[in-house]
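Coordinate analysis (summary)
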Amino acid sequence: MQAERLMVLYGDDSVEEQLLRALDFRNKFASRPYLPSHVIPPERKKILFSDILEVRWPDPTTADLTRFIDNDSVKISSVDGYAHLYLSELQQEFTVEFLCKVSQSSAASLRSSQKNSDYQTGDQYGKSSKKSVAEMSLKQMRTENKKNKHSCAEGKCREPTIPEDQKDRDGVPLFYTNCSSEYTWVTQRWSVSSYPEEWKYPLFLALMCCNLHTVKNVMKTCEKNNHTSIGADVLIDPETCEKVSCLPTALPLSCRAPHLHRWTSCDFFQNRGTEKYSCPQLIQIVWCQGVLYRFIHDRTNITEIYPGDDSFFKSEGAFLGNYFIHYAIQKGTKKREEKMYSVNSLPPDVPGNPYSISSVVTEATKILQYCYKAKLSLTHNYYLCCWKMVPETDGREMLPVLLYEKVIPSIGRLIVYSDHKVHTAFWDGMTLNMVWDFSSSCSKIQVNEDVGWCKLTTPDGVQQLIKISHPGIYERYIRTAIEWCRSLNERKEIPEYTAHSVTEENWYSSLS
């Protein structure tokens, strides 16, 4: 809003351009776009006379998938042309483009979300229900369109007091506004490791195209070398995939929880202001000096680095924060290259290289450490999301609850939360926070025991982020906490938690 005030005060076009670039960047990596009509230029908006709620993708059993491949890149387009998916050559990231209605008021946005939720509820009733819901949605769209046409024919959409040549500030005839909606193309980038459900099927098609292309090349090589062709059919079951996707809807113009969007900036790379930095949610995307950093905070945490040369670095699982794998495609031979780098022994900078491997990996590790500090805190506020909150509970249903508490004589107290967070308070005043997956009942040491960090707080309040693989003088605290967690896994003492609506009464009772 500050940028919009500057535009009004100074009329500076550069401010408007910067605001639009910032908006495009935000929408590129967000699940739901924010599309205020007064910020989007007229040439980027389209006037349509029907609601676009969903798109249908090609059927792999009838479509020729090889036509979607062009110079090793893949483009999958919906049947109606309202959405497209582009898969990168490395097959680790994809881009989507789709038509989306501009942001509406809260009431109008709620109605649109309800339409989408009606479609999505079919997922829990199996394939037959999915098909019926999709068919119903299409029928409803056709019925609504017919009603709109019928009402316009009867004169319900006519504006007799408005001349036909009168237009709004975007050049749209005013008599169109009651029967039409403004749409704009939205571009998003997603990792193949984590993406919204609506892009699952077109991504499946794109990966299938790549597999077919690879098989063709292998068969050509075999025939050229007089080898017997190999059997390499792509094993799929098209019936198990939903060919209709519900498109993302834009966020409403106003937010009912603006306090969640207040934050103070800092420079992670220069280590300036990190203590004062406050943001309700974990960092997911950072763009700095042409390098893009993506952090996926899921059951499997992943760090991805895109330096801008069509290659990328990835750290996950047992490698998270310790090792990065560099994926690249050779320009001439088109061969895929993979190199592993250790954070403790990064290569020296090479003169003439567009970026420093040591710098980008080190900077990614700094941000990852901050994310761990936030995840290991007991505030739990990074779970809150304004558009996912239930108004009646103010988001309490999204917060984790206390699952288990035990006092161990002469040692300390152990507390387990539903988000796999473990808080251990030792009798000597030391406290330790860590994350543990209690879904595994195996008595052996888990693979993720030596991955990531834990947060240790001394009796005088000093907080330290300690690598679990290198605990140093704090080994006995970390190993004690791990042994407790392992024993709980063996005895299966942690109850299963099912998400439910948390009322104010039972939420505060669980914290007392």
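Residues numbered from 1 in each chain as written. Predicted model: local features only at pLDDT ≥ 70, side-chain atom pairs only at ≥ 80, totals over all residues. Heavy atoms only, no water.

**Points about the sheet that holds strand β11 (residues 302-306)**
With antiparallel pairing, 6 strands are arranged side by side in an open sheet as β9-β10-β11-β12-β13-β14. The open sheet has two edge strands, β9 (285-288) and β14 (336-342), and neither has a second partner. Within this sheet the neighbouring strands show an average axis-to-axis angle of 20°, counted without direction. Pairing geometry for β9 and strand β10 (residues 291-296), over 4 bridges, is antiparallel. The residue bridging V286 from the neighbouring strand is Y293, located in β10. Strand contacts of helix α6 (residues 357-375): β9, β10, β11, β12 (312-316), β13 (323-329) and β14, with the helix running at about 35° to β10, the strand carrying the most contacts. (Pairing = 2+ DSSP bridges. Helix = DSSP H or I, 4+ residues; strand = E, 2+ residues; numbered from the N terminus. Axes fitted to C-alpha atoms, helices over the stretch in contact; angles between N-to-C directions. Contact = heavy atoms within 4.5 Å.)

**Observations concerning α6**
Spanning 19 residues, α6 covers 27 Å between terminal C-alpha atoms, matching the ideal 27 Å at 1.5 Å per step. Turning to α6, its buried residues number three or more, namely I357, V360, V361, E363, A364, T365, I367, L368, Y370, C371, Y372 and K375. (Expected span 1.5 Å × (residues − 1). Buried < 20%, exposed > 50% of the residue type's maximum accessible area, 1.4 Å probe, protein only.)

**Quick notes on the confidence of the model for the protein**
Residue-level pLDDT values for the protein average 74, and 63% of them are 70 or greater. This model gives residues 441-450 a pLDDT under 50, and the stretch forms 22 contacts once residues within four places in sequence are excluded. (pLDDT = per-residue confidence, 0-100.)

**Some remarks on the state of the cysteines**
A covalent bond between the sulfur atoms of two cysteines is what we call a disulfide. Tallied over the entire structure, the rule returns 0 disulfides. Distance from the sulfur of C255, which forms no disulfide, to the nearest cysteine sulfur (C386) is 3.7 Å. Taking the relative accessible area as the measure of exposure, C255 reaches 33% and is therefore partly exposed. (Disulfide = S-S within 2.5 Å.)

**Some details on the environment of I305**
Summarising the element assignment, I305 is placed in strand β11. For the pair I305 and V360, spaced 55 residues apart in the sequence, the C-alpha separation amounts to 7.6 Å. Setting aside its immediate chain neighbours within four residues, I305 contacts V291, L292, Y293, S311, F312, F313, F324, V360, V361 and A364.

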